[in-house]
Each structure stands twice: as C-alpha cells, then as structure tokens.
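Here are the chains, one letter per residue:
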Amino acid sequence: MANARIVVVGGGYVGMYTALRLQKRLRRGEAEVTVIDPQSHMTYQPFLPEAAAGSIEPRHVVVPLRKVLRKCQHLTGRVTAISHARREVSVELAAGRTTTVGYDYLVVAPGSVARTLPIPGLAEHGIAFKTVGEAIYLRNHVLSRLDAAATTLDPALRRRLLTFLVVGGGYAGIEALAELADMARYASRYYDTINREDIRWVLVEAANRIMPEVGPKMGRYTVERLLDANIEVNLDTRVKTMEGGHVELDDGQAFDTDTIIWTAGVKPNPMLEQTDLPRDSRGRVECSAKLQVEGMPEVFSAGDCASVPDLSKDDPQARTSPSAQHAVRQAKVLADNVVAHLRGKPLQDYKHSYAGSVASLGLYKGVAEIYGIKLRGIVAWFMHRTYHVSRMPTWNRRIRILVDWTSALFFGREVVALGQINDPRADFDRVARNRPPVDAGSGSAVGPGPDTDPRPVGAAAAEQGSGTGRTA
C-alpha cells in the first residue's frame with residue numbers, strides 16, 4: 001500500500017519506540033507516520049526519582065519527539081475518541097480546536113494514568129509521580145517544607161511540615177520514597193535547626209508486601225533497608241481519610257502532613273472508553289500475541305493500556321505486566337509487525353521471558369534479581385543505573401545523564417527549592433495589583449495607593465537598576 005497512513009496514539013514508551021523503529025524500517029514513500037500526544041516529549045519514568053532527588057537534570061529524562069522522530073509528523077494534542085468503523089481519530093489540538101485524523105493503520109498506546117480511590121481529601125491534597133512536572137514539583141515542595149520548618153516556632157506545625165507520606169509500595173512508590181528521603185536527609189545538614197531524625201517519612205501499602213516484582217525475599221530485604229533509614233513502613237494498611245492533610249489509617253494511626261505522594265497503581269487511559277476497540281474487564285485493549293487488537297488486524301496496541309498474552313508462561317490467561325521492560329520490547333515487535341502487515345508478510349508473536357528486576361533504594365543502595373540471581377546494595381544500585389541508562393533513547397540523553405551522575409559524584413546533590421516555578425506570576429501579580437489605578441483617558445495614575453511608589457514607574461526602575469545586582 002503506497003503512502004499508507006500510520007497514526008500512533010501516544011508518545012510514551014510504546015509510541016515513541018514504535019515510531020522510531022518505523023522511521024528506520026519504512027522505505028521512502030511507503031507510509032506516512034503521525035504521532036499524536038499532548039506533550040512534545042517522551043518521559044523516561046524510571047529516572048524520575050533521581051530527577052526529583054537532584055541526581056539528574058529533569059530535562060535529561062525527557063526525549064523531544066520532534067528532534068528524535070525527524071521522519072514522522074508530530075501533532076500536539078489530546079486524543080478524545082477513536083472510531084475504527086470510520087478509521088478516524090478525534091483530536092483536541094493544543095491550540096484549542098478539534099480535528100479528526102484518518103488512518104490506514106493505527107497504533108494505540110496512550111499509556112496509563114494514576115489509579116485513584118474514593119478517599120476523602122485525596123483529590124485536594126494528593127500528587128502522583130508519573131510526569132517530569134510532578135517530579136520537579138515534589139523536589140521543590142519537599143525542600144520548601146524544610147525551609148518553612150526551619151522558620152517556625154510552632155512544634156505542631158513543624159511536625160506537620162517535616163512529615164511526608166507515600167501511598168503505594170510498588171516500584172514507583174519505593175524508588176520515589178527512597179530518593180526523596182535521601183535528598184531530604186542530605187539537605188538537612190544545611191539547616192541549623194533541623195536534624196535528620198526530625199524528618200519523618202511514612203510508607204503505606206495495602207498489600208502485605210512491597211515490590212512484588214522482586215520476590216518475597218528481596219521485598220523483605222527492601223523493607224529492612226527502609227527501616228534502617230528510619231522510614232516507617234506500614235503493610236496491609238489502608239488510608240481512611242486525608243482531609244485537610246490530616247491522615248487517618250485503618251490501624252488507628254493518625255498524623256498531619258503537608259505532603260501526600262500517591263503511587264498506588266495505575267489504570268488504562270480513560271480515553272479508551274471513547275473508542276469502539278474491544279477491552280477486557282480492567283479496561284485494557286484486548287490484543288493477540290502479535291499485538292493486533294482482536295478482530296481489527298489494522299489496529300495494534302501494547303504497553304500499559306493493552307492486554308497482551310504472556311507466552312513465556314504456561315497459563316493461557318496470563319498477561320504481560322505493565323512495565324517499561326515489556327513496553328520497550330513490545331514496541332519493537334509491534335513496529336516490525338506493522339511493516340510486515342503493510343508488505344503482506346507474516347507477523348511474529350511477542351514473547352519475552354522474565355529476565356529480572358532492578359530497583360534503586362537511594363544513593364548507593366538497591367536491589368536486583370537477574371535470572372534468579374539476587375543482588376543487593378551498591379552492586380544492585382550500579383546495575384539499576386547501568387540497565388536504565390542503556391535503555392534511554394539516543395546517545396545524546398545517555399551522555400547527558402552520565403555527566404549529571406559524574407557531577408553529582410564530585411560535587412554532591414543540588415538542594416535548592418525553586419518554588420517560584422510552581423507559581424511564576426505570584427510576585428509580579430502582587431506588585432501589579434498594588435499599583436495605583438490608571439486613568440484610561442490620560443494614562444496617568446489617579447493617585448498613589450497605600451503600598452505603591454508614587455514616582456513614575458520609569459524613575460523608580462532607573463533608581464533600582466536592572467535587578468541583577470545591589471548597591472550599598
């Protein structure tokens with residue numbers, strides 16, 4: 001099929017890696033590839049904890065889609081619906097208008113979103129840990145809590161500011177908890193009134209174990225390391241309420257906190273509800289082992305949003321787990337199958353045996369299980385970094401991350417809160433609102449307000465200088 005239209009919904013692991021392989025394998029003029037995503041970048045989520053902790057520059061854990069996918073078209077917008085019957089994708093563009101995009105082949109990879117529960121106060125006070133924006137916010141927020149705690153004489157407020165809650169004991173929760181706790185302890189050395197022991201980190205997990213991916217023994221080891229770091233671990237425990245930052249657990253514990261990090265699982269993107277694609281009981285798109293959507297040979301899917309048979313297991317009901325390891329490998333098979341289908345060649349099944357898992361528990365600490373071999377401590381931590389930097393797309397990003405790690409090794413972490421990023425107009429808005437009202441006819445001030453400088457703006461600015469320096 002000449003000039004076939006291939007539309008890729010989503011620019012995450014599956015979407016970006018699929019498009020990257022398609023642009024390498026497709027012949028000139030064979031097909032046009034369009035990638036649709038609300039963001040102009042792909043985020044490598046395994047490095048978000050280190051970005052939040054200051055070991056990696058946040059810009060280096062994202063991959064600009066337009067720069068990497070030079071032979072693809074990129075449409076910045078949010079897919080709102082898919083009609084395979086009409087071969088159309090509805091998109092709400094970044095500019096605000098809505099359009100439809102036709103296709104001959106479709107790759108459905110919108111990924112997942114945080115799975116929330118009807119807990120009072122969660123929507124108002126919780127924050128997830130899936131995007132680089134959330135990682136940057138949490139870094140600034142945690143450090144700003146230390147700044148605030150160092151300036152209060154109220155012991156109750158101080159305890160609230162220095163108490164941090166993480167809900168969810170999977171990979172995301174444990175790595176975020178370990179890295180942020182490490183960062184907070186490191187930063188405390190620069191505060192005369194805050195000791196490491198004053199900072200309280202609390203983990204709440206509904207199951208009776210954490211990180212099930214690494215097995216029970218390594219899970220217990222991880223709990224021991226968290227306890228050694230004075231992190232409170234509450235297993236088989238649920239949050240009843242967090243209204244107003246007052247947290248109550250079902251085991252009777254209660255405390256106040258300004259920081260609630262929610263990492264209690266994910267669910268398929270809700271956009272899939274506005275499609276005519278077949279889905280399973282968990283809302284995932286039903287796929288064959290060839291990553292084709294059931295009953296729709298021109299539609300492919302993979303990653304967190306897809307229900308893909310796990311051929312490495314004897315159980316016919318087994319499905320691949322929502323992990324970066326599977327997503328990257330599925331993207332390769334998916335792209336090859338799209339090209340094979342386009343050229344009328346046989347498709348291959350996706351089959352990947354479990355190789356193992358690696359996880360960081362903070363600086364120089366980690367756990368790993370590779371082909372049944374269990375590793376701990378600095379060796380596992382080094383393997384975690386080695387594996388993930390090798391999976392990072394493009395040598396550009398790999399080198400930048402290696403430079404970040406080397407700088408942090410010699411000069412330590414950067415522990416400064418850039419709180420202005422969260423509300424960059426706050427100072428300007430405060431100044432602008434205190435200015436005297438202006439006569440619309442003459443353009444001159446009607447009269448000075450109580451907190452305004454009565455001099456003309458230009459004169460005041462000239463006397464103050466550019467703002468880049470001060471004079472005594």
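Here the structure is shown first, and the text comes after it.
Every chain is numbered on its own, with residues counted from 1 as its sequence reads. Selection of residues for local features in this predicted model requires a pLDDT of at least 70, selection of side-chain atom pairs for listing and counting requires 80 or more, and totals for whole chains, interfaces and linings are taken over all residues. Calculation of side-chain values draws on the structure's entire complement of heavy atoms; hydrogens and water are dropped beforehand.

Points about the overall build of the chain
Argument step 1. A run of H or I in DSSP becomes a helix once it reaches four residues, and a run of E becomes a strand once it reaches two; helices and strands are each numbered from the N terminus. Per the secondary structure count, the chain includes 13 helices and 25 strands.
Argument step 2. Dimensions of the chain, computed from C-alpha atoms along their principal axes, come out at roughly 75 × 65 × 45 Å.
Argument step 3. Buried residues in the chain amount to 48% of all 472 residues. When a residue's accessible area, from a 1.4 Å probe over protein chains only, is under 20% of the maximum for its type it is buried; when over 50% it is exposed; and in between it is partly exposed.

Digging into unusual backbone geometry
Argument step 1. Residue D236 is not a glycine yet carries a positive backbone phi of 50 degrees.
Argument step 2. Among the structural elements, D236 can be located in the loop between β13 (231-234) and β14 (239-241).
Argument step 3. Positive phi, normally seen in glycine, also occurs at T394, with a value near 70 degrees.

As for the sheet that holds β13
By way of backbone hydrogen bonds, the strands of a sheet pair with one another, either parallel or antiparallel.
Argument step 1. What makes two strands pair is DSSP finding at least two bridges between them. One open sheet holds the 5 strands; their spatial order is β10-β17-β11-β12-β13, and the pairing between them is parallel. Two strands in the sheet have a free side with no partner beyond their single neighbour: β10 (126-127) and β13.
Argument step 2. Where strand β12 (residues 200-204) and β13 come together, 4 bridges link them in parallel fashion. Counted as the bridge partner of V204 is N234 from β13.
Argument step 3. Here helix α5 (residues 132-149) sits on the sheet in contact with β10, β11 (163-167), β12 and β17 (259-262), set at roughly 155 degrees to β17.
Argument step 4. Against the sheet, helix α8 (residues 215-228) engages β12 and β13, with an angle of about 140 degrees to β13. In what follows, a contact means two residues having at least one pair of non-hydrogen atoms within 4.5 Å. For helices, the axis comes from a line fit to the C-alpha atoms of the stretch in contact; other axes are also lines fit to C-alpha atoms, and the angle between any two N-to-C directions lies between 0 and 180 degrees.

Focus on the nonpolar core
Argument step 1. We define a nonpolar core as any set of buried Ala, Val, Leu, Ile, Met, Phe, Trp, Tyr and Cys residues linked to one another through side-chain atoms lying within 4.5 Å. Judged by nonpolar contacts, the single largest core of 113 residues is most densely connected at V33, F47, L69, I82, V89, L106 and W201.
Argument step 2. Sorting elements by how many residues they give to this core places helix α9 (residues 324-342) first, with 10 residues.
Argument step 3. In contact with F47, not counting residues within four places along its chain, are I56, V61, R385, H388, V389, M392, I401 and W405.
Argument step 4. Within the second largest apolar cluster, 14 residues are counted, among which are I119, M242, I260 and A264.

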